[in-house]
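# Per-entry structural report
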Amino acid sequence: MTHFVHPDEVRSRFSRAMSDMYRDEVPQYGSLMALVAQVNGEVLKTQPALERAMEQADELERLDVERHGAIRVGTKEELSTLRRLFAVMGMEAVGYYDLSVAGVPVHSTAFRPVLGSSLNRNPFRVFTSLLRLELIADAAVREEAAAILARRQIFTERALALIAQCEAAGGLSDAEADEFVREALETFRWHSDATVDAATYDKLHKAHRLIADVVCFKGPHINHLTPRTLDIDVAQAGMPAHGMDAKDVVEGPPRRACPILLRQTSFKALQERVLFPGSDDQGTHTARFGEIEQRGVALTRKGRALYDSLLANVRSMGNAGSASANYQDRLESSFAAFPDSHDAMRQQGLAFYRYVLQQPVGDASADIETLIADGVVRAEPIVYEDFLPVSAAGIFQSNLGGEVQKHYEANQAQQAFEADLGARVHDEIALYQAMQDASLQAVREALAQADV
Ligand code: OOG
Ligand code: NI
């Protein structure tokens with residue numbers, strides 16, 4: 001009887017290996033991790049209540065290993081094989097993001113664990129975008145890009161064999177898991193050798209920089225890896241001293257007493273040397289950058305609708321660049337309409353909470369707010385584990401240089417995306433709702449038990 005390694009453990013090993021590889025490739029990522037560790041240490045020291053809350057929610061352990069990455073692929077075969085590769089590590093596709101409205105010809109999902117216990121073990125996520133060649137106007141460019149993509153294989157033979165074996169056997173042994181991590185990592189490595197000549201690169205680059213990034217290389221190099229900070233404003237302010245050229249605006253909601261959703265900022269993409277085959281031609285390519293994020297409570301559909309409308313007051317998807325001078329002030333005044341206490345957000349049904357029994361006796365039939373007021377139950381904010389399309393567009397844009405933006409018609413195509421993926425994507429809000437419901441159910445059952 002072989003013992004399989006738990007998918008959570010495979011994911012932890014992979015996430016660590018990915019982080020080590022990226023630190024070697026992009027030394028500034030190492031500086032960013034050091035900065036974030038320093039800021040997080042300070043925050044926990046000066047805010048003991050936050051430290052206690054994170055400890056109670058079993059969230060402290062994951063903080064040091066928590067990160068997300070992003071990749072972009074070119075074909076449905078690549079996307080569906082990635083789905084199988086991530087499944088080996090217990091990661092499933094959650095959410096659908098249409099970025100075409102922001103001038104980026106891709107649509108995306110995030111591969112991540114979905115169970116609370118797995119998230120607390122290691123919440124590693126990979127934001128994964130599929131190029132939409134159908135949005136490119138020039139038919140010749142479209143065909144050439146498709147032909148180049150059809151010739152490449154982004155997975156090693158051994159990685160494919162281990163994925164198939166894991167599917168057939170139901171898991172991987174310890175040695176196989178290590179081998180899988182090594183082989184899978186190859187797909188995400190940076191290659192400075194382009195697979196096309198300089199003229200082809202230039203042509204695709206002119207059609208859209210993102211097309212060149214996706215099409216002209218051996219594989220979908222990881223383009224950033226993002227640690228989670230407990231205070232993004234302090235971390236952002238510390239970036240220049242650590243040699244990083246930070247983007248000027250933090251994406252997402254403004255600073256608040258009770259953080260919601262996700263705030264993100266990045267440093268600009270590096271200019272990297274590219275070699276073209278069969279010639280001495282050299283070029284440069286900018287794709288890889290650094291990012292930090294601060295996560296807050298997940299919002300209900302009602303909370304999300306309020307968030308979207310307050311953000312839309314300040315800026316529209318069409319100019320996701322958000323470069324205007326008084327942006328932070330306008331953001332803050334717009335969000336004054338979003339309650340900033342956990343009691344208010346919970347009572348108004350704006351955010352999701354995990355209900356935890358504080359003491360074993362209480363009235364099983366009392367409503368939840370009474371139980372909380374009586375100290376029988378405590379409500380812990382459920383962390384937002386996903387992404388935000390407007391923010392993602394801002395991150396993409398800040399790394400596409402100051403060029404004129406292309407505009408595409410709003411063009412949601414979730415069904416086509418799911419057909420290419422070979423699976424439905426989870427509705428992220430339904431996942432948070434299920435977590436909240438399950439915790440409420442457990443509280444009621446425990447109280448009913450104590451009653452008899
Ligand atoms: C992905 C950008 C989106 C985020 O954190 O919102 C993203 C990309 O540039 O490929 O990573
Ligand atoms: Ni990111």
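Fair warning: this is a prediction, and the values are worked out from it, not measured in the lab. (Residues numbered from 1 in each chain as written. Chains lettered and ligands numbered in written order. Predicted model: local features only at pLDDT ≥ 70, side-chain atom pairs only at ≥ 80, totals over all residues.)

Now for the overall build of the protein chain. A count of helices and strands for the protein chain gives 19 helices and 11 strands. In terms of overall size, the protein chain behaves like a compact globule, its C-alpha atoms giving a radius of gyration of 23 Å where 452 residues would be expected to give roughly 22 Å. Considering only C-alpha atoms, the protein chain reaches an extent of 80 × 65 × 40 Å along its principal axes. Considering the protein chain as a whole, with its 452 residues, one finds that 43% of them fall into the buried category. (Helix = DSSP H or I, 4+ residues; strand = E, 2+ residues; numbered from the N terminus. Rg over C-alpha atoms; globule rule 2.2 N^0.38 Å. Buried ≥ 20, exposed ≤ 12 C-beta atoms within 10 Å, placed from the backbone.)

This next bit is on the nonpolar core. By size, the foremost hydrophobic cluster in this structure holds 108 residues, and its most contacted members are F180, I211, A298 and A351. I211 has contacts with L131, I136, A145 and L204, leaving out every residue within four places of it along the chain. (Core = buried A, V, L, I, M, F, W, Y, C linked by C-beta atoms within 7 Å. Contact = placed C-beta atoms within 7 Å.)

Within the secondary structure, R52 sits in helix α3 (residues 48-56). Separated by 391 residues in sequence, R52 and V443 place their C-alpha atoms 21 Å apart.

All right, on to the sheet that holds strand β5 (residues 224-227) then. Strand order in this open sheet of 5 strands is β2-β3-β4-β1-β5, and the pairing throughout is mixed. Each edge of the sheet is formed by a strand with only one pairing partner; in this case those strands are β2 (92-98) and β5. When strand polarity is set aside, the average angle formed by the axes of neighbouring strands in this sheet is 20 degrees. As judged from the 4 bridges shared by strand β1 (residues 67-73) and β5, these two strands associate in the antiparallel manner. Opposite H68, over in β5, you have T226 as the bridge partner. (Pairing = 2+ DSSP bridges. Axes fitted to C-alpha atoms, helices over the stretch in contact; angles between N-to-C directions.)

What follows concerns helix α5 (residues 76-88). The end-to-end C-alpha distance of α5, which contains 13 residues, comes to 19 Å, matching closely the 18 Å that a straight helix rising 1.5 Å per residue would cover. What α5 keeps buried is the set E78, L79, T81, L82, L85, F86 and V88. Buried residues of α5, viewed axially, fall in a sector of 165 degrees; they line one side. Just past α5, the residue G90 takes up positive phi, approximately 70 degrees. (Expected span 1.5 Å × (residues − 1). Arc of directions from axis to C-beta.)

Another aspect to go through is the pairing of strand β6 (residues 262-267). In terms of residue burial, β6 counts as a mostly covered element, since 6 of its 6 residues are buried. Strand direction decides the pairing type here: β6 and strand β9 (residues 290-295), joined by 6 bridges, are antiparallel. Among the inter-strand pairings, R263 is bridged to a residue of β9, identified as Q294.

For the rest of this paragraph, the subject is the site of ligand 1. Around ligand 1, the neighbouring residues are A70, R72, F127, S129, N223, Q264, E291, F387, S391, A392, I395 and F396. Those elements that provide at least two residues to the shell around ligand 1 are β1, β4 (125-131) and α17 (389-398). Per-element accounting of the shell around ligand 1 gives the leading share, 4 residues, to α17. Its residues assigned to classes, the shell around ligand 1 shows 6 nonpolar, 4 polar and 2 charged. (Near = placed C-beta within 6 Å. Nonpolar A, V, L, I, M, F, W, Y, C, P; charged D, E, K, R; others polar.)

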